[in-house]
Amino acid sequence: MTDKPAPFRNPKNKLIIYKITVIYATFYILTKLYSIFAENQSVLPILIISLPLAIIGLIAWWQLKQNKTNWWFIALSVIVISAVRYFEVDWVWWLNQNL
């Protein structure tokens with residue numbers, strides 16, 4: 001039998017999660033741009049909400065190109081993406097009221 005590394009120790013899994021992060025961030029930003037142009041949503045709140053995912057996606061893409069992957073960045077990405085998705089409606093409403 002061959003010894004397989006644990007899922008969290010396998011470097012291939014980190015690469016897959018990084019690629020998923022880049023694809024998800026790109027898709028999220030494209031859907032937000034679509035909502036701005038096609039559905040006439042407010043531009044500034046949507047761009048402010050999309051900014052954290054754009055930063056996460058760019059950092060993940062850059063780290064993939066440099067071939068440097070870290071589990072702490074994956075954990076941070078999951079937390080940021082989850083928070084943005086969970087609080088998105090409340091934050092957009094608040095930004096629309098206050099900007």
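Each chain has its residues counted from 1, running along the sequence as written. Local features in this predicted model are restricted to residues whose pLDDT is 70 or higher, and side-chain atom pairs enter the listing and the counts only when it is 80 or higher, whereas totals over whole chains, interfaces and linings include all residues. Remark: hydrogens and water are excluded; side-chain values derive from all non-hydrogen atoms of the structure.

Student: Please clarify how a nonpolar patch on the surface should be interpreted in this entry.
Tutor: Two distance rules govern patches: like charges are joined within 9 Å, and nonpolar side chains (Val, Leu, Ile, Met, Phe, Trp, Tyr) within 5 Å, applied only to residues with over 30% relative accessible area and no salt bridge. Methods summary: accessible areas were calculated by the Shrake-Rupley approach with a probe of 1.4 Å, and residue burial reflects only the protein chains presented. Salt bridges, as used here, are contacts in which a Lys or Arg side-chain nitrogen is within 4 Å of a carboxyl oxygen on Asp or Glu. The grouping of L30, L33, F37, V43 and L47 at the surface amounts to a nonpolar patch, some 490 Å² of accessible area in total. Runs of H or I in DSSP of at least four residues are treated as helices and runs of E of at least two as strands, each being numbered from the N terminus. When residues of the nonpolar patch are traced back to their parent elements, those giving at least two are α1 (11-37) and α2 (43-66). Top element by residues in the nonpolar patch is α1. It accounts for three residues.

Student: Please explain the pattern of salt bridges as it appears in this structure.
Tutor: Pairs can form between side chains of opposite charge once their charged atoms are near each other. Here the structure, examined in full by the defined rule, presents two salt bridges. Among the ionic pairs, E88 bridges to K32, the shortest N-O distance being 2.3 Å. Of the two residues, E88 is situated in helix α3 (residues 71-98) and K32 in helix α1; the sequence distance between them amounts to 56 residues. Residue E88 is classed as buried on the basis of its relative accessible area of 9%. Each residue is placed in one exposure class: buried if its accessible area under a 1.4 Å probe, protein chains only, is under 20% of its type's maximum, exposed if it is over 50%, and partly exposed if it falls in between. The class of K32 is buried, set by a relative accessible area of 15%. R85 is the partner of E88 in a salt bridge, and the nearest nitrogen-oxygen pair spans 2.8 Å. A residue pair is termed a helical-turn pair when its members lie 3 or 4 positions apart in one helix, as E88 and R85 do in helix α3 at three residues.

Student: Please explain α3 as it appears in this structure.
Tutor: Given 3.6 residues per helical turn, the α-helix brings residues three or four places apart onto the same face. At E88, α3 is deflected by roughly 65 degrees, the largest bend along its length. Every buried residue of α3 is listed here: F73, I74, S77, I81, V84, E88, V92 and L95. Residue contacts follow a heavy-atom distance rule, with two residues in contact if any of their heavy atoms lie within 4.5 Å. Contacts from the buried residues of α3 go to α1 and α2. The angle separating two fitted axes, one through the seven residues that finish at a residue and one through the seven that start at it, defines the bend at that residue.

Student: Whenever I open this one, the packing of aromatic side chains confuses me. Can you help?
Tutor: For any pair of aromatic rings, geometry is given as the distance between the ring centres together with the angle between the planes. Pairing of aromatic rings covers Phe, Tyr and the six-membered ring of Trp, with a centre-to-centre limit of 6.5 Å; geometry is then stacked below 30 degrees between planes, edge-to-face above 60, and tilted otherwise. This structure, assessed with the given rule, holds five aromatic pairs. Clustering of aromatic rings is evident, with ring pairs tying together Y18, W72 and F73.

Student: Can you help me understand the nonpolar core in this one?
Tutor: Counting residues in each nonpolar core, the largest one holds seven residues, listed as Y28, I49, L53, I81, V84, V92 and L95. Of the residues forming this core, the biggest block, four residues, is contributed by α3. Not counting the four nearest positions on each side in its chain, L53 is found in contact with Y24, A25, Y28, I29, I81 and V84. Here the nonpolar core consists of buried residues drawn from Ala, Val, Leu, Ile, Met, Phe, Trp, Tyr and Cys, with membership extended through side-chain atoms lying within 4.5 Å.

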